[in-house]
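Take a look at the letters that make up each chain.
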Amino acid sequence: MPLKEQIMEVIGGPHVAAVATLDGKLPAVRFMVLAGFPDMTFVGATMKASKKVGQLKKNPDTALAIWSGKEYSDPYVDIIAKGTIHDDVATKKKYWNPMFEQFFKTPENPDFVVLVFTAGEITYHGKNMSSMEVWKR
């Protein structure tokens, strides 16, 4: 199976991801629900006042990790990406998910922003750590 297809099996749709930004010179890691797309972008939602938004404004460099989440031996990916913040209503409506309602009520909520992470490099770790391949933009 081609590498991009293997990656999509891990990242496609919503997943809990570890998202690392920089807080000054130190890494700051948190879990977020991100949806992975075939263009190797990852989209999540957060509050405009969150620490990660402030960190991304200062430095868009991020690292993500997503595990397919079934068995410990299943594949996972490490991702180097650039994060962007979108607060326009058109983008918020485009990526709106009903699960956001409990936090943001509507896409028009001014406190709701969309984070888009564009992968520059993805390292795919195969089942049982049997292989490691790198996809680059």
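In what follows, the accompanying structure is described.

Analysis parameters
Residues numbered from 1 in each chain as written. Predicted model: local features only at pLDDT ≥ 70, side-chain atom pairs only at ≥ 80, totals over all residues. Heavy atoms only, no water. Helix = DSSP H or I, 4+ residues; strand = E, 2+ residues; numbered from the N terminus. Rg over C-alpha atoms; globule rule 2.2 N^0.38 Å. Contact = heavy atoms within 4.5 Å. Buried < 20%, exposed > 50% of the residue type's maximum accessible area, 1.4 Å probe, protein only. Pairing = 2+ DSSP bridges. Core = buried A, V, L, I, M, F, W, Y, C linked by side-chain atoms within 4.5 Å. 1 Å grid on protein atoms, 1.4 Å probe; cavity = no way out; pocket = protein on both sides within 12 Å on 5 of 7 lines; lining within 4 Å. Points joined across faces, edges and corners; volume = space filled by probe spheres on them.

**Thoughts on the overall build of the chain**
Right, on to step 1. Along its length, the chain carries four helices and seven strands.
Right, on to step 2. Listing each helix as α and each strand as β along the chain from the N terminus yields α-β-β-β-α-β-β-α-α-β-β.
Right, on to step 3. The C-alpha radius of gyration computed for the chain amounts to 15 Å, which stays within 12% of the reference 14 Å derived for 137 residues, consistent with globular compactness.
Right, on to step 4. Here the contacts in the chain between residues at least 6 apart in sequence split such that 57% fall between residues at least 24 apart.

**Observations regarding the pairing of strand β6 (residues 112–125)**
Right, on to step 1. With 11 of its 14 residues buried, β6 lies for the most part within the structure.
Right, on to step 2. Pairing between strand β3 (residues 41–47) and β6: seven bridges, direction antiparallel. Bridged to T41 within β6 is T118.
Right, on to step 3. Strand direction decides the pairing type here: strand β5 (residues 76–86) and β6, joined by 11 bridges, are antiparallel. From the neighbouring strand, T84 faces β6, where its bridge partner is V116.
Right, on to step 4. Sheet analysis places β6 next to strand β7 (residues 132–136), joined by five bridges and oriented antiparallel. Residue pairing across strands places Y124 opposite E133, the latter belonging to β7.
Right, on to step 5. Taking the residues that link successive antiparallel strands as the turn, the β6-β7 hairpin has six residues, and the phi of N128 there is positive, at about 60 degrees.

**Let's talk about unusual backbone geometry**
Right, on to step 1. With a phi close to 65 degrees, M40 is a non-glycine residue in the positive phi region.
Right, on to step 2. With respect to the element layout, M40 can be found in the loop between β2 (26–36) and β3.
Right, on to step 3. On the accessibility criterion, M40 (0% relative accessible area) is buried.
Right, on to step 4. Its identity is not glycine, yet K105 carries a phi of approximately 65 degrees, on the positive side.
Right, on to step 5. With respect to the element layout, K105 can be found in the loop between α4 (101–104) and β6.
Right, on to step 6. The class for K105 is exposed, based on a relative accessible area of 60%.

**Let's talk about the nonpolar core**
Right, on to step 1. The biggest cluster of nonpolar side chains holds 24 residues, and the ones touching the most others in it are I7, F42, V77, I79, F117 and I122.
Right, on to step 2. Of all the secondary-structure elements, those providing two or more residues to this core are α1 (3–11), β1 (13–23), β2, α2 (51–58), β4 (61–67), β5 and β6.
Right, on to step 3. Considering every element that reaches this core, the biggest residue donor is β6, with six residues.
Right, on to step 4. A45, F100, F112 and V116 belong to the second largest nonpolar core, which has seven residues in total.

**So, the layout of surface pockets**
Right, on to step 1. Put simply, the largest pocket is a space of about 200 Å³.
Right, on to step 2. Forming the boundary of the largest pocket are 13 residues, of which M32, V33, A45, F100 and F103 lie nearest the centre.

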